[in-house]
Amino acid sequence: MSFDTVLVVDFGAQYAQLIARRVREAHVYSEIVPHTMSAAEMMAKRPAAVILSGGPKSVHVEGAPVIDPALYDSGTAVLGICYGAQLLARQLGGEVSRTGQGEYGRTAMTVTDSSVLFADLPLTQDVWMSHFDSISAAPPGFRVVATTPGAAAALEHPERRLYGLQFHPEVAHTARGQEILKHFLYDVAGCRPSWTMTSVIEQQVDAIRAQVGDEKVICGLSGGVDSAVAAAIVHKAVGDNLTCVFVDTGLMRAGEAEQVEDTFRRQFHVDLVHVKAADRFVEALDDVVDPERKRKIIGETFIRVFEEVARDLQDARFLVQGTLYPDIIESGTKDAARIKSHHNVGGLPEDMDFELVEPLRNLFKDEVRAVGEELGLPEEIVWRQPFPGPGLAVRIVGTVTPERLEILRLADAIVLQEMRRVGLEREVWQSFAVLIAVRTVGVMGDERTYAYPIVIRAVTSDDAMTADWARVPYDVLERMSSRIINEVPGVNRVAFDITSKPPGTIEWE
Ligand code: XMP
């Protein structure tokens, strides 16, 4: 199974990822590459097309990034977008000038000459602009095929397969942008729309078989979507040669352990080692209040447990890891070692002598979910919200005891159920309960109570680096509050956290 590949050259703006995703939405495989890559290195990847993304800089700024001009003579279809278009124009002998009249936001564009990029599209349409400089003269041999008041919006040299767009076709504000991009991909570059989740799975299955042959593979399951999807693909590829290890720390959410059992043992018939280590973790956490100590103890205990299991699986040479494409992009290079220490499932030992199998390393999170659905994983796993490695332990402010864990698990399940009931579970980044290990006074049925408060935390976020507290409707909060107090013994008060990040963090510890 082979796919056409489109390279998206990154000039350091936030647009490269978005372009890569739009190309994939057109069912064409895309990869992001740095602008420092030479044309020869690009050609070695046999791309069907190269897209030059927008950039933060002006082409006039000293040290502004350029591209190896040999690319323009390679015969490969090239599309420059915004900065990419200006760069292409300038490098090929056109003029980019600082008119002092930048264009920002929605702008009316008129198609002035026939172009395959705008085939079947209206002659005037709104496009999204964000640029300061303008292309004031097209390079020799190029035609300007669309304009905005006072500036060139699109130029092309079809014989050389070179195209430039001053606007951003990849953003949703350019309503017909995806169609323009598809015209470039299908009609200019001749790409086939063959990159579907089904074909991704087939390709990965082939790649995994080629990598591991008849050898044994182990995969740590965390209960989350990434490790589950990675395990499911590998299982499809190697069948009984896969052993999954699920360490039940006792710090998981309600139903998580059962879900893993049900899915992997009963539905997929995977050889699953389910290590029930709750007592061990609670014991190790005895009397510990400090959040960093909790994390350290949990990490170490996890490693010890995993090592004991791995000793019994001595013959396994391969370890599956759920590394995703953004992890690879963020690390900038093929710096696998760094990625490994950051993204180990539950913090596996670093000195274990395994070769990694990373079937998701080319996929974005939503693609991982789509692959999970295609593989028949249950919705609860595929759409599970992120959960910290140290689990519920960092959502109990104070010492961790079995009683507190039980209370928190019940309250947490109610928060999630109520979010799900009104369709908000997937809208927010995370929604969960926190238990503060102090007691407050209340009154229930004429009786004085003295019990724990539960804090509801719900946040919206794109990447967990920053977050805002979710505006959960009052009636939903009311139901959560009343259900938690009525159904969870040991709780008599519910609060809602209205702190964004920064200054707060998403988790309480
Ligand atoms: P904070 O609390 O730092 O969390 O705002 C950011 C995101 O990371 C998750 N988180 C973790 N994930 N291991 C993980 O795998 C951890 O130790 C850990 N701590 C926090 C948190 O749930 C949020 O999504």
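Residues numbered from 1 in each chain as written. Predicted model: local features only at pLDDT ≥ 70, side-chain atom pairs only at ≥ 80, totals over all residues. Heavy atoms only, no water.

Here we look at the environment of Met444
The criterion, for reference: Under the scheme used here, helices are H or I runs from DSSP no shorter than 4 residues and strands are E runs no shorter than 2 residues, and both carry numbers assigned from the N terminus.
Relative to the helices and strands, Met444 resides in strand 19 (residues 440-444). When the C-alpha atoms of Met444 and Asp475 are compared, they prove to be 21 Å apart, with 31 residues separating the residues in sequence.

Looking at the packing of helix 5 (residues 197-212) against helix 6 (residues 225-238)
Just so we agree on the cut-off: Between N-to-C directions, angles cover 0 to 180 degrees, with each direction set by a line fitted to C-alpha atoms, over the stretch in contact for helices. Each crossing gets its hand from how the near helix is turned against the far one by less than a right angle, where anticlockwise is left-handed and clockwise is right-handed. Should any heavy atoms of two residues lie within 4.5 Å, those residues are considered in contact. Residue polarity follows a fixed list, in which Ala, Val, Leu, Ile, Met, Phe, Trp, Tyr, Cys and Pro are nonpolar, Asp, Glu, Lys and Arg are charged, and the others, Gly among them, are polar.
One can describe the packing of helix 5 onto helix 6 by two numbers: an axis separation of 8 Å at closest approach and a directional angle of 65°. The two elements helix 5 and helix 6 cross, and the hand of that crossing is right-handed. Judged by residue contacts, Ile201, Gln204, Val205, Ile208, Arg209 and Val212 of helix 5 engage Ile233, Val234, Lys236, Ala237 and Val238 from helix 6. Split into classes, the residues belonging to the contact of helix 5 with helix 6 amount to 8 nonpolar, 1 polar and 2 charged.

Some words on the site of the ligand
Test applied: Here a residue is near a molecule or strand as soon as one of its heavy atoms is found within 4 Å of it. Here a polar contact is recorded for every N or O atom pair within 3.5 Å, except that within protein the pair must consist of a potential hydrogen donor and a potential acceptor, and residues adjacent in sequence are included only if both atoms are side-chain atoms.
Arg295, Pro388, Gly389, Pro390, Trp429, Gln430, Ala464, Lys501, Thr505, Ile506 and Glu507 make up every residue found near the ligand. Here an oxygen atom of the ligand sits 3.4 Å away from a polar atom, N or O, in the side chain of Trp429. Looking at the shell around the ligand residue by residue, the class counts come to 5 nonpolar, 3 polar and 3 charged.

Some points on the domain arrangement of the chain
Stated formally: Segmentation into domains, and thus their bounds, comes from an automatic or database assignment. Buried area is understood as the total, over both parts, of accessible area removed when two parts are fitted together, assessed with a 1.4 Å probe. Each salt bridge in this description consists of a side-chain nitrogen of Lys or Arg and a carboxyl oxygen of Asp or Glu lying within 4 Å of one another.
Per the domain assignment, the segments of the chain are domain 1 (5-188), domain 2 (197-382) and domain 3 (401-496). Interface area, domain 1 with domain 2, both sides summed: about 690 Å², of which 46% is carbon and sulfur. Linking domain 1 with domain 2 are 2 salt bridges. One salt bridge connects Glu367 with Arg24, and the closest N-O pair in it is separated by 2.7 Å. Here domain 1 and domain 2 share 5 residue pairs in polar contact (both at pLDDT 80 or more) between them. For the side of domain 1 that touches domain 2, the secondary-structure elements that each account for two or more residues are helix 1 (15-25) and strand 2 (29-34). Residue composition of the side of domain 1 that touches domain 2, grouped by class: 2 nonpolar, 1 polar and 3 charged.

Observations regarding the pairing of strand 10 (residues 151-157)
In the case of a regular strand, side chains alternate between the two sheet surfaces. We count it as follows: Only protein chains enter the accessibility calculation, which uses a 1.4 Å probe; a residue whose area is less than 20% of its type maximum is buried, one above 50% is exposed, and one in between is partly exposed. A strand pair is defined by DSSP finding two or more bridges across the two strands.
Burial runs high along strand 10: 7 of the 7 residues are buried. As judged from the 5 bridges shared by strand 9 (residues 143-148) and strand 10, these two strands associate in the antiparallel manner. Within strand 10, the residue paired with Arg143 across the bridge is Glu156. Here strand 9 folds back onto strand 10, and the loop between the two strands holds 2 residues, one of which, Gly150, carries a positive phi near 85°. Judged from the 4 bridges that link them, strand 10 and strand 11 (residues 162-165) form a sheet pairing that is antiparallel. If you follow His157 over to strand 11, its bridge partner there is Leu162. Between strand 10 and the antiparallel strand that follows it, strand 11, lie 4 residues; Arg161 among them carries a positive phi value of about 60°.

Some details on the packing of helix 5 against helix 12 (residues 365-374)
Worth spelling out the cut-off: Orientation is classified from the angle alone, with under 35 degrees giving roughly parallel, over 145 giving roughly antiparallel, 65 to 115 giving roughly perpendicular, and any other angle giving oblique.
Here helix 5 crosses helix 12 at 85°, and the two axes come no closer than 9 Å. Viewed along their axes, helix 5 and helix 12 adopt a mutual orientation that is roughly perpendicular. Here Met197, Thr198, Val200 and Ile201 of helix 5 lie close against helix 12, whose contacting residues are Glu367, Ala370, Val371 and Glu374. For the contact of helix 5 with helix 12, the per-class residue count stands at 5 nonpolar, 1 polar and 2 charged.

What to know about the sheet that holds strand 11
Taken in spatial order, the 9 strands make up an open sheet running 2-1-3-4-11-10-9-6-7, and their pairing is mixed. Of all strands in the sheet, those with a lone pairing partner are strand 2 and strand 7 (124-131), marking the two edges. Direction aside, neighbouring strands of the sheet carry axes that sit 25° apart on average. Across the face of the sheet, helix 1 comes into contact with strand 1 (5-10), strand 2, strand 3 (49-52), strand 4 (77-81) and strand 7 while running at roughly 160° to strand 2.

Details of the confidence of the model for the chain
We apply this condition: pLDDT measures the predictor's confidence residue by residue and takes values from 0 up to 100.
Averaged over all residues, the pLDDT of the chain is 92; the fraction at 70 or higher stands at 95%. Across residues 333-346, where pLDDT falls below 50, the model places 22 contacts with residues more than four positions away in sequence or in other chains.

Looking at unusual backbone geometry
Looking along the chain, the bond that leaves Lys501 and enters Pro502 is cis, with omega of -15°. Within the element layout of this structure, Pro502 appears in the segment after strand 22 (491-496). Even without glycine at this site, Arg161 takes up a positive phi of about 60°. Turning to its location among the elements, Arg161 is positioned in the loop between strand 10 and strand 11. Despite not being glycine, Asp446 shows a phi value in the positive range, around 65°. With respect to the helices and strands, the residue Asp446 is situated in the loop between strand 19 and strand 20 (447-460). Of the residues examined, Asp446 reaches a relative accessible area of 79% and is grouped as exposed.

What to know about the pattern of salt bridges
Counted under the stated rule, the structure contains 33 salt bridges. Salt bridges sharing partners connect three or more residues here, namely Glu418, Arg421, Arg479, Arg483 and Glu487.

A few points about empty space enclosed by the protein
Any empty space left between atoms is shown by rolling a water-sized probe over those atoms. Filter applied, for reference: Think of a 1 Å grid over just the protein atoms. A cavity is a set of points where a 1.4 Å probe fits yet cannot get out, a pocket is an open set with protein on both sides within 12 Å along at least five of seven lines, and lining residues have an atom within 4 Å of a point. Grid points are joined across faces, edges and corners, and a volume is the space filled by probe spheres set on the points.
Overall, the coordinates contain 2 cavities of 30 Å³ or more when judged by the stated rule. Each pocket or cavity is described by its volume, and for the largest cavity that value is around 50 Å³. Forming the walls of the largest cavity are Arg253, Gln385, Pro386, Arg395, Asp412, Leu416, Gln430, Ser431 and Phe432. Those elements that place two or more of their residues in the lining of the largest cavity are helix 14 (402-421) and strand 18 (430-436). If you tally residues by element for the lining of the largest cavity, the top one is strand 18, at 3 residues.

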